[in-house]
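Coordinate inspection notes
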Amino acid sequence: MLTAETLVLIAVFAAIASLPAGMLAAHMLVHIATMNALAPLVALAALGVNRERHRRLYAPLAALLAPATLLQLALFIAMHAPFVFNSVIHAPEVWPLSTLALFAVSTLFWVSVIAAARTGRAGSIAAPLISGKVFCLLAALLVFAERAVFGPLVSIADQQAAGLVMLIACPITYVGASLVIVTKWLGAMSRPPSRMPT
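Keep in mind the model is a prediction, meaning the values are calculated, not measured.

Rules of the game
Residues numbered from 1 in each chain as written. Predicted model: local features only at pLDDT ≥ 70, side-chain atom pairs only at ≥ 80, totals over all residues. Heavy atoms only, no water. Helix = DSSP H or I, 4+ residues; strand = E, 2+ residues; numbered from the N terminus. Buried < 20%, exposed > 50% of the residue type's maximum accessible area, 1.4 Å probe, protein only. Areas by Shrake-Rupley, 256 points an atom, 1.4 Å probe, with all protein chains shown as cover. pLDDT = per-residue confidence, 0-100. Contact = heavy atoms within 4.5 Å. Polar contact = N/O pair within 3.5 Å; in protein donor to acceptor, adjacent residues only side chain to side chain. Patch = residues over 30% accessible without salt bridge, like charges linked within 9 Å, V, L, I, M, F, W, Y side chains within 5 Å. Salt bridge = Lys/Arg side-chain N within 4 Å of Asp/Glu carboxyl O.

Details of the overall build of the protein
Check the secondary structure of the protein and you find eight helices and zero strands. For the protein, the residues scored as buried account for 40% of the 198 residues in total. As displayed, the protein offers around 10800 Å² of accessible surface, 74% of which is attributable to carbon and sulfur atoms.

The structure is reproduced here in structure tokens:
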């Protein structure tokens, strides 16, 4: 039986296949939906809501936080570099593969963030903030560039729309994740310690 996450992923690939070439904003929206919605949902489902169930996995997964963060940033930047985008746009069959790669790397990122948060590591707050800042800088470049960064294949209006999508989605996801972690930590600290039964 197909899970909800699998159905969403199939829908993502179907959306990619139906996009005409040159729609940078639409492709960016699909990638962000994959990285910022589907990947964290799958990560939560993988680790489970119950902290105790996967506690022995938290330490090794949390150790992957730094490399997972760098890998996600590097892959996203590389895949949206003008040379790569202009090359791939002529090979539509590559777009689903690129999204699958982003999904896999982003899922690893969110799994490591959750594991780090559940082991009380400050990196679980820093990693989403750093990721969000980098994505916002790239988005600002697309919005405020005076020329088409991707050349004649992408209009300035399409480029600016792609940047706006990033500016809206990335702070909500990455800054929001850090705020949720901080809130949970503060809530745990404010609770009185449980008393031993007498």
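Examining the confidence of the model for the protein
Looking at the protein as a whole, its pLDDT mean stands at 81, while 80% of the residues score no less than 70. For the protein, the element scoring lowest by mean pLDDT is helix α1 (residues 4-18), at 55; helix α4 (residues 65-79) scores highest, at 93. Here residues 194-198 is modelled with pLDDT under 50, and outside its nearest four sequence neighbours on either side it reaches zero contacts, counting other chains as well.

Digging into the side chain of Ser112
Mapping Ser112 onto the fold places it in helix α6 (residues 94-118). The exposure class of Ser112 is buried, given its relative accessible area of 1%. At a separation of 2.6 Å, a polar atom in the side chain of Ser112 contacts the main-chain carbonyl oxygen of Phe109. Discounting chain neighbours no more than four positions away, the residues touching Ser112 are Leu61, Ala62, Leu64, Leu65 and Ala68.

Describing a nonpolar patch on the surface
Judged by side-chain polarity, Leu64, Leu71 and Leu108 come together as a nonpolar surface patch covering roughly 220 Å² of accessible area. Within the secondary structure, Leu108 is located in helix α6.

Thoughts on the side chain of Ser178
Assignment of secondary structure puts Ser178 in helix α8 (residues 156-190). According to the relative accessible area criterion, Ser178 is buried, its value standing at 2%. Non-local contacts of Ser178, meaning those with residues more than four positions away in its chain, are made with Ile125, Pro128 and Leu129.

Quick word on the environment of Tyr174
Tracing the backbone through its elements, the reader meets Tyr174 in helix α8. Given the relative accessible area of 0%, Tyr174 is considered buried. Remark: the alpha-carbon pair of Tyr174 and Lys133, spanning 41 residues in sequence, is separated by 8.7 Å.

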